[in-house]
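Structure at a glance
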Amino acid sequence: MPRRRRLRKIVAPPGFKGFRPYGHIKNNRVVELNYEEYEAIKLADYDNMNQEEACKLMGISRATFARIYESARQKIAKSLVESCEFKTVFGNAHLDDDWYVCNACHARFNLPDDNSKDCPICKSDAIEPIIKKMK
């Protein structure tokens, strides 16, 4: 019996729900990019961290980080070459803080200590947690 997967730490959720190629013929193919794969791409390519720094930040081994990073690169390449959209899905991760999404302006944010239950961008009260708390 394989051991349980450890949750991968994500600093912040992606600021998008997905991407779709411009000018392509609509098809039903969708590539799902997990939050931890997005985080690996962000840390390695955008933040220019080496794998050792990135794996410590995510709380995983270097070999696991390399597998997640390779999987993310393959999914993005498949999406580009086959002209299919990709969407972000939660996957096997946990967020640093509680993050929320505004249903009015679609902003993503974490609430500061003032416990205000309004969107900091549009001041709407139509917010909900990105990840429902597991009991």
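Conventions used here
- Residues numbered from 1 in each chain as written.
- Predicted model: local features only at pLDDT ≥ 70, side-chain atom pairs only at ≥ 80, totals over all residues.
- Heavy atoms only, no water.
- Pairing = 2+ DSSP bridges.
- Helix = DSSP H or I, 4+ residues; strand = E, 2+ residues; numbered from the N terminus.
- Contact = heavy atoms within 4.5 Å.
- Axes fitted to C-alpha atoms, helices over the stretch in contact; angles between N-to-C directions.
- Parallel < 35°, antiparallel > 145°, perpendicular 65-115°, else oblique.
- Salt bridge = Lys/Arg side-chain N within 4 Å of Asp/Glu carboxyl O.
- Buried < 20%, exposed > 50% of the residue type's maximum accessible area, 1.4 Å probe, protein only.

Pairing in this open sheet of three strands is mixed, and the strands run 2-4-3 from one edge to the other. Looking at the sheet topology across the chains shown, the edges are occupied by strand 2 (18–19) and strand 3 (30–34). Where strand 2 and strand 4 (residues 85–89) come together, two bridges link them in antiparallel fashion. Looking across to strand 4, one finds that Gly18 is bridged to Lys87. Where helix 3 (residues 62–81) meets the sheet, its contacts fall on strand 3 and strand 4, and the angle it forms with strand 3 comes to roughly 155 degrees.

Let us look at the packing of helix 2 (residues 51–58) against helix 3. Direction vectors running N to C along helix 2 and helix 3 enclose 95 degrees, while the axes themselves pass 9 Å from each other. It follows that helix 2 is roughly perpendicular to helix 3 by the angle criterion. Between helix 2 and helix 3, the contacting residues are Gln51, Glu52, Ala54, Cys55 and Met58 on the first element and Arg62, Phe65 and Ala66 on the second.

With that settled, consider the pattern of salt bridges. According to the stated counting rule, one finds seven salt bridges in the structure shown. For Arg8, the salt bridge identified is with Glu36, shortest N-O distance 3.7 Å. Here the residue Arg8 occupies a position in strand 1 (residues 8–10), and Glu36 occupies one in helix 1 (residues 35–46), the gap between them amounting to 28 residues. For the pair Arg8 and Glu36, one class covers both residues: buried. The residue Glu52 makes a salt bridge to Arg62 at a minimum N-O spacing of 3.4 Å.

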